[in-house]
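Descriptive analysis of the structure
Each chain, letter by letter, is given below.
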Amino acid sequence: MSTSPLHSAPLSKPHLRVVGNLHPRPAIYSAPRDADGNIIFAEPPPPPTLEAARLHRKQRLAASFRLFARYGYDMGGAGHITARDPEHPDQFWVNPAGVYFGHIRVSDLLLVSHDGKILHGDGLLNRAAFAIHSELHKARPDVIAAAHSHGLWGKAFSAQGRLLDPLTQDSCAFYDDHVIFSEYSGVVLDSSEGERIARKLGPHKAAILQNHGLLTVGASVESAVWRYIAMENAAQAQLISEAAGPTKPLSQAVAQHTASQIGSDAGGWFSFQPLWDVVTREEPDLFD
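The rules we used
- Residues numbered from 1 in each chain as written.
- Predicted model: local features only at pLDDT ≥ 70, side-chain atom pairs only at ≥ 80, totals over all residues.
- Heavy atoms only, no water.
- 1 Å grid on protein atoms, 1.4 Å probe; cavity = no way out; pocket = protein on both sides within 12 Å on 5 of 7 lines; lining within 4 Å.
- Points joined across faces, edges and corners; volume = space filled by probe spheres on them.
- Helix = DSSP H or I, 4+ residues; strand = E, 2+ residues; numbered from the N terminus.
- Nonpolar A, V, L, I, M, F, W, Y, C, P; charged D, E, K, R; others polar.
- Phe/Tyr/Trp six-rings, centres within 6.5 Å; stacked < 30°, edge-to-face > 60°.
- Buried < 20%, exposed > 50% of the residue type's maximum accessible area, 1.4 Å probe, protein only.
- Lys NZ or Arg CZ within 6 Å of the ring centre and 35° of its normal.
- pLDDT = per-residue confidence, 0-100.
- Contact = heavy atoms within 4.5 Å.
- Polar contact = N/O pair within 3.5 Å; in protein donor to acceptor, adjacent residues only side chain to side chain.
- Pairing = 2+ DSSP bridges.

Approximately 420 Å³ is the volume attributed to the second largest pocket. Contributing to the lining of the second largest pocket are 19 residues, with Glu 43, Pro 46, Pro 47, His 56 and Glu 222 lying nearest its centre. Those elements giving two or more residues to the lining of the second largest pocket turn out to be α1 (50–70), α5 (221–244) and α7 (265–282). When residues in the lining of the second largest pocket are grouped by element, the largest group, 4 residues, is from α1. Taken together, the residues of the lining of the second largest pocket break down into 11 nonpolar, 4 polar and 4 charged.

This is the structure:
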């Protein structure tokens, strides 16, 4: 994994793990198809049972932590991704505190109630994860997953206290759909600050937590996690571009049009699929 300050950690392949001699077909082929058999740009229908839906979300959640580790978004004990339980909407799955993102398995995940009780699993609950995510899930019933960590570029950008500019096609995914939360007061251990973050986020897909980092949400684990990866990348691109010289943001009309093309939950799901293919092929122990 590259440690250069000017490059995000690549999805390298240091250890290719193969089960038998077969690899699964790329996940995108499971997407819906039209009457002619052509793949449609949309998420597949949910699994048919609650048990299958729960496993589906937990597997994507475990894979997401592996991806965060690959991208270098692990910073000590900081960072958390949650997924709402499909049967009990007032409960969510989260990573146990103190476990390296790159080692998290499906069996390690904790099920937590909105009042902070661990209902399944025996790990340590990150109190900041509970304080932030419980309030987000309460305030936004449309949100299935939320992602927050202390990635380097997101932290650096958050210290500037401003929104992302529409400098590139990719950054337009967040145009007019992210906010700044400027009330940092220390490690978030009180649900009252979680309430303030949720209130500030409102209906948007992402927030820049000033002097803290980035937060993204989505209607699936895949979209929330892809948005975090994309937002870190957008912050990196803007900081590098501004360091090189004056920038030329896109016009409001073009930025809004581009956002409508690439900013959807379906778009986030689509962009997540190649990353899922890589991490699940190389690290199948995440399914344990």
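Turning to the packing of aromatic side chains, a few remarks are in order. Any pair of aromatic rings gets described here by the distance separating the centres and the angle formed by the planes. Here the structure, examined in full by the defined rule, presents 8 aromatic pairs. Considering the side-chain rings of Tyr 73 and Tyr 228, the 5.1 Å spacing of their centres and the 70° angle between planes classify their relative orientation as edge-to-face. Note that Tyr 73 is positioned in the loop between α1 and β1 (80–84) and Tyr 228 in helix α5, a separation of 155 residues in sequence. Both residues of the pair, Tyr 73 and Tyr 228, count as buried. Among the aromatic side chains, those forming a connected cluster through ring pairs are Phe 65, Phe 68, Tyr 71, Tyr 73, Phe 101 and Tyr 228. Cation over ring: Arg 25 sits above Tyr 29, and NZ or CZ is 3.9 Å from the ring centre. Residue placement shows Arg 60 over the ring face of Trp 276; its charged tip is 3.9 Å from the ring centre.

Confidence in the prediction of the protein chain, expressed as mean pLDDT, is 90, and 90% of residues score 70 or more. Between residues 1–21, whose pLDDT stays under 50, and residues either more than four places distant or in other chains, the model counts 36 contacts.

Now for unusual backbone geometry. The phi angle at Asp 176 is positive, at roughly 60°, despite the residue not being glycine. Positionally, Asp 176 belongs in the loop between α3 (152–158) and β6 (178–181). The backbone of Asn 211 sits at a positive phi, close to 60°, despite the residue not being glycine. Topologically, Asn 211 is positioned in the loop between β7 (206–209) and β8 (213–218). A relative accessible area of 45% means that Asn 211 is categorised as partly exposed.

We now examine the side chain of Arg 227. Inspection of the secondary structure assignment puts Arg 227 in helix α5. Look at Arg 227 and you get buried, because its relative accessible area is 8%. Reaching out from Arg 227, the side chain makes a polar contact with the backbone oxygen of Val 217 at a distance of 2.9 Å. When sequence neighbours within four positions are dropped, the list of residues in contact with Arg 227 reads Phe 174, Lys 205, Thr 216, Val 217, Gly 218, Gly 263, Ser 264 and Asp 265.

Turning to the pairing of strand β5 (residues 145–149), a few remarks are in order. Most of β5 is tucked away, with 5 of its 5 residues classed as buried. Burial along β5 is two-sided: the residues Ala 145, Ala 147 and Ser 149 and Ala 146 and His 148 are all buried. One ladder, built from 4 bridges, connects β1 with β5; its direction is antiparallel. Paired with His 80 across the bridge in β5 is His 148. Sheet analysis places β5 next to β8, joined by 5 bridges and oriented antiparallel. Across the sheet, residue Ala 146 finds its bridge partner in β8, namely Val 217.

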